[in-house]
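Take a look at the letters that make up each chain.
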Amino acid sequence: MSAAQLEQETRVPAQAQHSPRRRRRLIVIPLALVCLLGIAFGYLFLNAEVKSSAPMGASVDVPGGSASITGLVPLESDGWQPPAPVAALGKKPQEGAHRVRIQVQFTALDKAGLPLDPAGFFVDGLGSGKPHPLWTSSSSMTLAQGETVNTTMVFELPNKAIALVLEDSSGSRLSLGTDHHSAG
């Protein structure tokens, strides 16, 4: 065996010499990305705006007055129907959803009255999709100071939605609790 062949067999390839260092560099890049993502999510979580809502039955200020939920009933449990047939309620709820009748009492407190648009309300929460009412018992109106009206709104809500609140465009929020969940 010649000296050149011996040197070639005993020489470690250059790639093999740098392999551990190269592996460390390749591991550092994903770890740095994971750390950056963790920092970003931590920042978002710690700085997320917490929106408060009035507990079930309590009143909340709305522009011009106050509002409170006086009733919350899944339609499956009482068979309630609106006074006149409504096309949206004639069909069965979507798979994985249920319908809820929410009764809200509005009271005008300001001299200018309380502008009320029940169709402008929506349900917000984790997994809700922010649905608007399928039907409301009241149309848009302005209540005079001291006047009170009870309004019924029917919503279709996902069965798995949680932390639900009834909200309007002004940001007034009323908690729905968990009584709306049906057995299905």
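Analysis parameters
Residues numbered from 1 in each chain as written. Predicted model: local features only at pLDDT ≥ 70, side-chain atom pairs only at ≥ 80, totals over all residues. Heavy atoms only, no water. Helix = DSSP H or I, 4+ residues; strand = E, 2+ residues; numbered from the N terminus. Buried < 20%, exposed > 50% of the residue type's maximum accessible area, 1.4 Å probe, protein only. Areas by Shrake-Rupley, 256 points an atom, 1.4 Å probe, with all protein chains shown as cover. Pairing = 2+ DSSP bridges. Core = buried A, V, L, I, M, F, W, Y, C linked by side-chain atoms within 4.5 Å. Contact = heavy atoms within 4.5 Å. Phe/Tyr/Trp six-rings, centres within 6.5 Å; stacked < 30°, edge-to-face > 60°. Axes fitted to C-alpha atoms, helices over the stretch in contact; angles between N-to-C directions. pLDDT = per-residue confidence, 0-100. Patch = residues over 30% accessible without salt bridge, like charges linked within 9 Å, V, L, I, M, F, W, Y side chains within 5 Å. Salt bridge = Lys/Arg side-chain N within 4 Å of Asp/Glu carboxyl O. Lys, Arg positive; Asp, Glu negative; His and termini not counted. Charge placed at Lys NZ, Arg CZ, Asp CG, Glu CD.

This part takes up the overall build of the chain. If you tally the helices and strands in the chain, you get five helices and ten strands. Looking at the chain as a whole, 32% of its 184 residues are labelled buried. Taken as a whole, the chain presents about 12,000 Å² of accessible surface, with 58% of it coming from carbon and sulfur.

Bringing the pairing of strand S9 (residues 162-167) into the picture now. Looking at chain direction, strand S5 (residues 122-126) and S9 are connected through four bridges and run antiparallel. Bridge assignment links phenylalanine 122 to a residue of S9, and that residue is glutamate 167. Adjacent in sequence and paired antiparallel, S9 and strand S10 (residues 173-175) are bridged by five residues, among which glycine 171 carries a positive phi angle near 95 degrees.

What follows is about the nonpolar core. By size, the foremost hydrophobic cluster in this structure holds 24 residues, and its most contacted members are Ile102, Val104, Phe106, Leu166 and Leu176. Within the residue set of this core, elements represented by two or more residues are strand S1 (59-62), strand S2 (65-74), strand S3 (97-108), strand S4 (114-116), strand S8 (148-158) and S9. Look past the residues within four positions of phenylalanine 106 in its chain and what remains in contact with it is Ser66, Ala67, Leu116, Phe121, Leu143, Glu147, Thr148, Val149, Thr151 and Met153.

Moving on, we get to the packing of aromatic side chains. Overall, the coordinates contain two aromatic pairs when judged by the stated rule. Ring centres of tryptophan 80 and tryptophan 135 lie 5.3 Å apart, and the angle between their planes is 55 degrees; this geometry places the pair in the tilted category. With a gap of 55 residues between them, tryptophan 80 in the loop between helix H4 (75-78) and helix H5 (87-90) and tryptophan 135 in strand S6 (residues 135-136) connect regions that are remote in the sequence. Taking the relative accessible area as the measure of exposure, tryptophan 135 reaches 15% and is therefore buried. Measuring from centroid to centroid gives 5.7 Å for phenylalanine 106 and phenylalanine 121, while their planes differ by 55 degrees, and the two rings are tilted. A residue pair is termed long-range when its members are at least 10 positions apart, and phenylalanine 106 in strand S3 and phenylalanine 121 in the loop between S4 and S5 qualify at 15 residues. The burial state of phenylalanine 106 is the same as that of phenylalanine 121; both residues are buried.

So, about the sheet that holds S10. Read from one edge to the other, the open sheet built from three strands follows the order S5-S9-S10, with strand pairing classed as antiparallel. The open sheet has two free edges, formed respectively by S5 and S10, since each of these has just one partner strand. Here the strands of the sheet are splayed against their neighbours by 35 degrees on average, with no regard to which way each runs. In this structure, S9 lies alongside S10, joined through three bridges in antiparallel fashion. Across the sheet, the residue bridging to glutamate 167 is arginine 173, located in S10.

Another point: the environment of alanine 161. Summarising the element assignment, alanine 161 is placed in the loop between S8 and S9. Judged by its relative accessible area of 0%, alanine 161 is buried.

Attention now goes to the sheet that holds S3. On the basis of which strands lie adjacent, the open sheet formed by five strands has the order S1-S2-S3-S8-S6 and antiparallel pairing. Looking at strand neighbours, the two that pair on one side only are S1 and S6, the edges of this open sheet. In this structure, S3 lies alongside S8, joined through eleven bridges in antiparallel fashion. Bridging across to S8, isoleucine 102 finds its partner in methionine 153.

Moving on: the confidence of the model for the chain. The predicted structure's coordinates, where accompanied by low pLDDT, should not be read in detail. For the chain, mean pLDDT is 80; residues scoring 70 or higher make up 79% of the total. Element-level mean pLDDT values for the chain span from 51 in helix H2 (residues 14-17) up to 94 in strand S7 (residues 141-143).

Before going further, it helps to examine a positive patch on the surface. Together, Arg21, Arg22, Arg24 and Arg25 line one region of the surface with positive charge. Mapped onto the secondary structure, arginine 22 falls in helix H3 (residues 19-46). Look at arginine 22 and you get exposed, because its relative accessible area is 58%.

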